[in-house]
Amino acid sequence: MKLSIAPRIGWSALAAGVMLAGIVPAANAAATVQKRTLGPFGYGNIKLGMTEAQARATGRIVRKAINVPTKCSTYDLKERRYSGNRAGLYISKKQGVVTISAPGRGVKTPQGIGIGATPAQVKAAYPNLKQNALYGTFATVPGNPKASYVFLMSKNMVLGVTLVLTAQDCLR
């Protein structure tokens, strides 16, 4: 199997095919697939609710100073550092990790929505989409009623997806 076919069949299918072929142990292939999924409880080994110390211990985040009023700590994932006053994670002293932003195009929700998805695809995957002043376009996460997906959208496509603990004390 050539790795050059990965973009055509997708990383999930490639990992499954490699796992079935016995080339990569099943645990490694599953970790690769899981790592590229945002939700329902986190992103890879970074989970909603984990403490700041637990999140730092993953080795996957880096402190990020932003000039936005918040009483929470802000971080970026090492694989995606944001410019300006945007952070990839917000961590509350009381609630732990409360937001995780998808770090790129290849990261999708279990329902297949990620950067580049159309508004019609989002609506089909999440028929109960809602709007409010704080989050904009959002939906309750299937399988985790305590969390929401927040979609940053243009008229034509999703520009960003963030997994948010719905009742949190960082974003108000």
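Residues numbered from 1 in each chain as written. Predicted model: local features only at pLDDT ≥ 70, side-chain atom pairs only at ≥ 80, totals over all residues. Heavy atoms only, no water.

Considerations on the overall build of the protein chain
And step 1. Within the protein chain, the regular secondary structure consists of 5 helices and 10 strands.
And step 2. Counting only residues that meet the buried cut, the protein chain has 41% of its 172 residues in that class.
And step 3. Pairs at least 24 apart in sequence give 43% of the contacts found in the protein chain among residues at least 6 apart. (Helix = DSSP H or I, 4+ residues; strand = E, 2+ residues; numbered from the N terminus. Buried < 20%, exposed > 50% of the residue type's maximum accessible area, 1.4 Å probe, protein only. Contact = heavy atoms within 4.5 Å.)

Some thoughts on the sheet that holds strand E4 (residues 73-77)
And step 1. Strand order in the open sheet made by the 8 strands is E3-E4-E5-E6-E10-E9-E8-E7, with antiparallel pairing throughout. Here the strands that pair on one side only, and so sit at the sheet edges, are strand E3 (61-63) and strand E7 (130-132). Across the sheet, the axes of successive neighbouring strands diverge by a mean angle of 30°, strand direction being ignored.
And step 2. One ladder, built from 7 bridges, connects strand E9 (residues 144-153) with strand E10 (residues 158-165); its direction is antiparallel. Opposite Val150, over in E10, you have Thr162 as the bridge partner. (Pairing = 2+ DSSP bridges. Axes fitted to C-alpha atoms, helices over the stretch in contact; angles between N-to-C directions.)

Here's the deal with the state of the cysteines
When the sulfur atoms of two cysteines share a covalent bond, that bond is a disulfide.
And step 1. Inspection of the entire model under this criterion finds 1 disulfide.
And step 2. One disulfide in the model links Cys72 with Cys170; its S-S distance is 1.9 Å. Its S-S torsion of approximately -100° makes the covalent link between Cys72 and Cys170 left-handed. Here Cys72 is found in the loop between E3 and E4, whereas its partner Cys170 is found in the segment after E10, with 98 residues between them in sequence. (Disulfide = S-S within 2.5 Å.)

Notes on the pairing of E4
And step 1. Within E4, 5 of the 5 residues are buried, leaving the element largely enclosed by the surrounding structure.
And step 2. Here E3 runs beside E4; their pairing, made up of 3 bridges, is antiparallel. By the bridge assignment, Val62 is partnered in E4 with Asp76.
And step 3. In this sheet, strand E5 (residues 89-92) lies alongside E4 in antiparallel orientation, the contact comprising 3 bridges. Opposite Thr74, over in E5, you have Tyr90 as the bridge partner.

Digging into the nonpolar core
And step 1. Leu38, Ile61, Leu89, Val97, Ile100, Tyr149 and Phe151 are the most contacted members of the largest nonpolar core, which has 27 residues in total.
And step 2. Broken down by secondary-structure element, the contributors of at least two residues to this core are E4, E5, strand E6 (96-101), strand E8 (136-141), E9 and E10.
And step 3. Filtering out sequence-adjacent residues up to four positions away, Leu89 remains in contact with Ile46, Ile61, Ser73, Thr74, Tyr75, Asp76, Leu77, Val97, Thr99 and Ile100. (Core = buried A, V, L, I, M, F, W, Y, C linked by side-chain atoms within 4.5 Å.)

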